[in-house]
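Spelled out from the first residue to the last, the chains are:
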Amino acid sequence: MLNELRRIVGTAYVLTDKEDLLCYAYDATPGFSHMPDAVVSPANTNEVSQVLALANTEKIPVYPRGSGTNLSAGTVPTKGGIVLQMTRFDKILEIDEANLVATAEPGVIVAALNKAVEQFGLIYPPDPGTVATATLGGTVAENAGGLRGLKYGVSKHYVMGLEVVLADGSILQTSGKNVKDVAGYDLTKLFTGSEGTLGVITKIIVKLVPAPEAKKSMMAIFSNLDNAGNSIAAIIAGKIIPATLEILDNATIRTVEDYAKVGLPTEAEAVLLIEVDGIPEVVEKEAAKVVEVLKANHADQIQVAKDAAERDKIWAARRAALPALAKLRPTTFTEDATVPRSKVPEMIRAVNQAAAKHKVTIGTFGHAGDGNLHPTIVCDLRDKEEMERVYKAMDEIFTTAIRLGGTLSGEHGIGLGKLKYMEDQFGEVGMKTMRAIKKALDPNCILNPGKLVGEC
Ligand SMILES: Cc1cc2nc3c(=O)[nH]c(=O)nc-3n(C[C@H](O)[C@H](O)[C@H](O)COP(=O)(O)OP(=O)(O)OC[C@H]3O[C@@H](n4cnc5c(N)ncnc54)[C@H](O)[C@@H]3O)c2cc1C
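- Where an unreviewed UniProt entry is consulted, the protein chain appears under the name FAD-linked oxidoreductase, with the organism given as Sporomusa sphaeroides DSM 2875.
- Heading Cofactor (unreviewed entry) of the UniProt record for the protein chain holds this comment: "FAD".

Here it is, written out as structure tokens:
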């Protein structure tokens, strides 16, 4: 089998030494690790096709992997087998200005794609915190989002067509550059967010949008969480869709201030960070309206950035949120429970109650405008007794999100970490339908087995 793999991709691209395999036994998700039997790095679609055909015949598990930055154990080879490392697929194949699309290979880093389209005055909006490291393939397979999600959406809103190698090695093309294309089942959307469980993505056509001409950032400080929550609802009800509308809760504010000394009042219950973008006249008008709404909803302090340096200062607090929390303890779980935006204060309170009840440290920050919160639990994975309390707090967070009409994941996906809650969100029929799709496309269950829909 190893000789056959070496024949397909070349000896240098099949790793089997223990110290090499160890590097692919885990990803950015704490608490999960398992050794693969081999790490295989194909260079083109034909090689992927041959590797999958072989693995399918021999019933060997295959785990597609980009940069391994996912937070749902999506690339951990839990049943051994092959980690299929896709970073040699690193070419931007075309930037098509007339159709406002780019075609790229899945190993292209998201920031590199944005750098390449910048000269045409365009952007590719999905912007996870990991833009400088995550691959386009990983973000499409994970349906990643980011700070601009409120106005610009997540990856699925930009993927127009895919080339995918199916489990048996056959090669599928889905959709393409057509703005309007309603023919057949929407296979592009099916594979977007499929977390490597349905096929291996080898080419991606994405929609680009014109870069905004102007941006304006603001920060508002609240001594009352409900006033912050009401502001979020009122901004949207006022028909303003900011590019970004972020919240930091009190635990995060205190930790950020201690870590970065950015001048936040540590007694504040919430900080909102807001950015509007677009053409300059509209940006000015929208920024003025946002300030009006913040005042009407009793913001204690409002700062509007006058220049790039002040904008940078405002965003320093948000940038510091995760590193500040992560510095407190050895292990950091960044979750992404998401609720309708009107339920953000209720969700933050429920997270705080779970933290107090189970005596764990949780700071919550995130994309309040789209209800996508990041309750961040800091702990020590080596402390069994503490971890029992951490997992109980997590159970409460996810069941509360579902009870409030929310979802298990706004952008990080399901993988293994949230698998046990899937039936609560989708019910028996939902899970049966998803498993039927998995079984139809991957009858031997070789692709990322056990993830997203569980065992086949
Ligand atoms: C500090 C930090 C901040 C983050 N911030 C954000 C954020 O703001 N928003 C957000 O959405 N996420 C965020 N993430 C999560 C992560 O960066 C994203 O999920 C990202 O999309 C993963 O890209 P990757 O290249 O690392 O993919 P990987 O982790 O390698 O893989 C992710 C999934 O995609 C599958 N996959 C990879 N390549 C392919 C392929 N070619 N074909 C089929 N399946 C494939 C894998 O099997 C796996 O299931 C963050 C993570 C960290 C550590």
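We are not done yet, so read on.
### Regarding the overall build of the protein chain
Logical step 1: From N to C terminus, the protein chain includes 14 helices and 18 strands.
Logical step 2: Taken against the 2.2 N^0.38 rule, which gives 23 Å for 456 residues, the C-alpha radius of gyration of the protein chain at 22 Å falls within 12% of a compact globule.
Logical step 3: Overall, the C-alpha framework of the protein chain stretches about 65 × 60 × 40 Å when taken along its three principal axes.
Logical step 4: The 456 residues of the protein chain split such that 56% are buried.
Logical step 5: The centroid of the 49 positive side-chain charges in the protein chain is displaced by 2 Å from the centroid of its 56 negative side-chain charges.

### Observations regarding the sheet that holds strand β8 (residues 159-165)
Logical step 1: Spatial ordering of the open sheet is given by β5-β6-β10-β8-β9, a layout of five strands whose pairing is antiparallel. Sheet topology places β5 (92-96) and β9 (171-175) at the edges, where each strand pairs with a single neighbour. This sheet shows a mean twist of 10° between the axes of neighbouring strands, independent of strand direction.
Logical step 2: Pairing of β5 with strand β6 (residues 101-104) involves four bridges; the strand directions are antiparallel. Bridge assignment links I92 to a residue of β6, and that residue is A104.

### A look at the packing of helix α1 (residues 2-9) against helix α3 (residues 45-58)
Logical step 1: Where α1 contacts α3, the two axes come as close as 9 Å, and the packing angle between them is 165°. As judged from the angle between their axes, α1 and α3 are roughly antiparallel. Once α1 is placed against α3, the crossing between them reads as right-handed. On α3, the residues touching E4, L5, R7, I8 and V9 of α1 are E47, Q50, V51 and L54.
Logical step 2: In the contact of α1 with α3, the residues fall into five nonpolar, one polar and three charged.

### Here's the deal with the domain arrangement of the protein chain
Logical step 1: Domains assigned within the protein chain are domain 1 (2-85), domain 2 (92-210) and domain 3 (214-403).
Logical step 2: Once you take the C-alpha centre of each, domain 2 and domain 3 turn out to be 28 Å apart.
Logical step 3: Counting from both sides, the interface comprises seven residues of domain 2 and, opposite them, 13 residues of domain 3.
Logical step 4: Summed over both sides, the interface between domain 2 and domain 3 buries roughly 800 Å², with carbon and sulfur atoms accounting for 58% of that surface.
Logical step 5: In terms of surface lost to domain 3, no three residues of domain 2 exceed L147, L150 and K151, which account for 79% of the buried area on that side.
Logical step 6: Linking domain 2 with domain 3 are one salt bridge.

### A closer look at the side chain of T202
Logical step 1: Relative to the assigned elements, T202 resides in strand β10 (residues 200-207).
Logical step 2: Judged by relative accessible area, which is 2%, T202 ranks as buried.
Logical step 3: Excluding residues that lie within four positions of it along the chain, T202 makes contacts with T45, V48, M86, F89, E105, P106, E163, V164 and V165.

### Some points on the pattern of salt bridges
Logical step 1: The final tally for this structure, using the stated rule, is 22 salt bridges.
Logical step 2: Among the salt bridges present, the one from R7 reaches E4, with a minimum N-O distance of 2.9 Å. Of this pair, R7 and E4 both sit in helix α1, three residues apart, roughly one helical turn.
Logical step 3: Looking at R7, the relative accessible area reads 52%, which means it is exposed.
Logical step 4: When the shortest N-O distance is used, the salt bridge between D395 and K420 registers 3.0 Å. With a gap of 25 residues between them, D395 in helix α13 (residues 384-403) and K420 in the loop between α13 and α14 (422-441) connect regions that are remote in the sequence.
Logical step 5: A residue is classified by how much of its surface remains accessible, and K420, at 55% relative accessible area, is exposed.
Logical step 6: Within the structure, one salt-bridge network assembled from shared partners comprises D90, K91 and E105.

### Notes on the packing of aromatic side chains
Within a pair of aromatic rings, the relevant descriptors are the distance that separates the centres and the angle that separates the planes.
Logical step 1: Within the structure shown, the criterion is met by three aromatic pairs.
Logical step 2: Over the aromatic face of Y13 sits the side chain of R88, whose NZ or CZ is 3.3 Å from the ring centroid.
Logical step 3: Geometry around Y158 places K207 over its ring, the cationic atom sitting 5.5 Å from the centre.

### Some details on the site of the ligand
Logical step 1: Residues in close proximity to the ligand total 34 residues, the closest being P64, G66, T69, T130 and T135.
Logical step 2: Contact between the ligand and N70: an oxygen atom at 2.8 Å from a side-chain N or O atom of the residue.
Logical step 3: Within the side chain of E411, a nitrogen or oxygen atom sits 3.1 Å from a nitrogen atom of the ligand.
Logical step 4: When isolated, the ligand has an accessible area of 990 Å², and the protein chains bury 92% of it.
Logical step 5: Secondary-structure elements contributing two or more residues to the shell around the ligand are β3 (62-65), α5 (136-142) and β10.
Logical step 6: Here the shell around the ligand takes five residues from α5, the largest share from any one element.

Criteria and cut-off values
Residues numbered from 1 in each chain as written. Predicted model: local features only at pLDDT ≥ 70, side-chain atom pairs only at ≥ 80, totals over all residues. Heavy atoms only, no water. UniProt positions renumbered as here; feature names shortened; annotations may be inferred. Helix = DSSP H or I, 4+ residues; strand = E, 2+ residues; numbered from the N terminus. Rg over C-alpha atoms; globule rule 2.2 N^0.38 Å. Buried < 20%, exposed > 50% of the residue type's maximum accessible area, 1.4 Å probe, protein only. Lys, Arg positive; Asp, Glu negative; His and termini not counted. Charge placed at Lys NZ, Arg CZ, Asp CG, Glu CD. Pairing = 2+ DSSP bridges. Axes fitted to C-alpha atoms, helices over the stretch in contact; angles between N-to-C directions. Parallel < 35°, antiparallel > 145°, perpendicular 65-115°, else oblique. Left-handed = near helix turned anticlockwise from the far one by under 90°. Contact = heavy atoms within 4.5 Å. Nonpolar A, V, L, I, M, F, W, Y, C, P; charged D, E, K, R; others polar. Domains from an automatic or database assignment. Buried area = accessible area lost by both parts, 1.4 Å probe. Salt bridge = Lys/Arg side-chain N within 4 Å of Asp/Glu carboxyl O. Phe/Tyr/Trp six-rings, centres within 6.5 Å; stacked < 30°, edge-to-face > 60°. Lys NZ or Arg CZ within 6 Å of the ring centre and 35° of its normal. Near = heavy atom within 4 Å. Polar contact = N/O pair within 3.5 Å; in protein donor to acceptor, adjacent residues only side chain to side chain. Areas by Shrake-Rupley, 256 points an atom, 1.4 Å probe, with all protein chains shown as cover.

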